[in-house]
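Residue-level structure breakdown
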Amino acid sequence: MKSIAPPPLNALRAFATITDAVDAARRDERREIEISCLGTFALKWLIPRLPGFMALRPEIRVKVSESYAAVDFAKDRIDGAIRLFNPGQEAKRQEITPFLPQYQGPIGAPDVTPPGMTIEAMGQLPRLHASTFRESWMVWSDLVGVRLPTTHQSREFQHNNSMIEAAAAGMGVAIAPWAFVAPDIVTERLVAPFGFAERPSKFVFLRPEGRPDASVDAFRDWLVAEGSVSPSPPIPSTGPAG
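Let me begin by describing the structure that accompanies this report. The shown structure was predicted, so the numbers you read here are calculated from the model rather than taken from an experiment. (Residues numbered from 1 in each chain as written. Predicted model: local features only at pLDDT ≥ 70, side-chain atom pairs only at ≥ 80, totals over all residues. Heavy atoms only, no water.)

Turning our eyes to something else, we now look at helix α2 (residues 39-56). Helix length check: α2 (18 residues) gives 24 Å between terminal C-alpha atoms against 26 Å at 1.5 Å per residue, within 8%. Along α2, the sharpest change in direction is near 50° and occurs at L46; proline P48 comes one to four residues later. Three or more residues of α2 are buried, namely G39, T40, F41, A42, K44, W45, L46, L50 and F53. (Helix = DSSP H or I, 4+ residues; strand = E, 2+ residues; numbered from the N terminus. Expected span 1.5 Å × (residues − 1). Bend = angle between axes of the 7 residues up to and from the residue. Buried < 20%, exposed > 50% of the residue type's maximum accessible area, 1.4 Å probe, protein only.)

Dropping the structure here:
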C-alpha cells in the first residue's frame, strides 16, 4: 500500500498561523459582551457606574441593550441580563446572581411633598404610575401597612424614568425604587417623605447556565461589588403614619 507523505513543514507552519489568527479573532470577539437591562435601571444605576468597569477592565467592551421581556438565552443573542426577581421565581437553564436589594417609596418634588406631610395629605395628590408596574401603590401600602384613600387623580407613563421626571416636575407623587432616584434624593431634586420600604424582590444578574465566559464572569463580579457598596436609602425619622 502506498504511504502518504506528511505535509511539508512550511505548510504546517501556515496552518498553525491560520489557527492562531482564528483563535485571536475569537478572543477579540469575546471581549464585547451584550447585557440586556431594564431601561430605567440602565439609565439611572448601571450607566453612571459603567465607566468604573471600563477603567477596571478596559479590554472588555460592554454593549447595553434595554428590555423588560423575559430572558431566553436560547433565542436572544445576549451574554447576560439584569432583571428584577421575586423569591422562588424560576429561571430555567440560567445562573442567577442577586446583587442589589430593592427598596421603594413615595417620591415627589420638594414643594409638592413638604416636610411633615401626612399620608392623608399625600393621598389627595395625583398618583403617578408606570405601565411596567401599575400595582406600585398597592404594593407599597401593603409593605408599610397603611390604607390609602381612593383617588380619581391618576396619571400613567410608559416607563419609570418618565414617571420620575413627572414627579420632579410637580405633576404628582410616584412610588419609585431607591436605585432609580438616589442621586435626585441626595441633591434634593426629589424628596421621599416616608422613606423607602424593602421589598422581597432583588435585582439579579442572569447568565446562561454552563456557558463559560471570563468576560461575563468579570462583569458579574463587578456588579456584585458595586451592589455591596451602593448606599442604602435614608431611614425616615418617623414612620408613615397619618
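Before going further, it helps to examine the pattern of salt bridges. Note that side chains of opposite charge can pair when their charged atoms are close. In the structure shown here, the tally under the stated rule is 11 salt bridges. A salt bridge links E226 to R49; the nearest nitrogen and oxygen atoms lie 3.7 Å apart. Taken together, the positions of E226 in helix α7 (residues 214-229) and R49 in helix α2 put the pair 177 residues apart, joining distant regions of the chain. Judged by its relative accessible area of 22%, E226 is partly exposed. Salt-bridge contacts for R189 lead to D184; the nearest nitrogen and oxygen are separated by 3.4 Å. On the accessibility criterion, R189 (35% relative accessible area) is partly exposed. (Salt bridge = Lys/Arg side-chain N within 4 Å of Asp/Glu carboxyl O.)

Keep in mind these numbers describe shape, not what the thing actually does.
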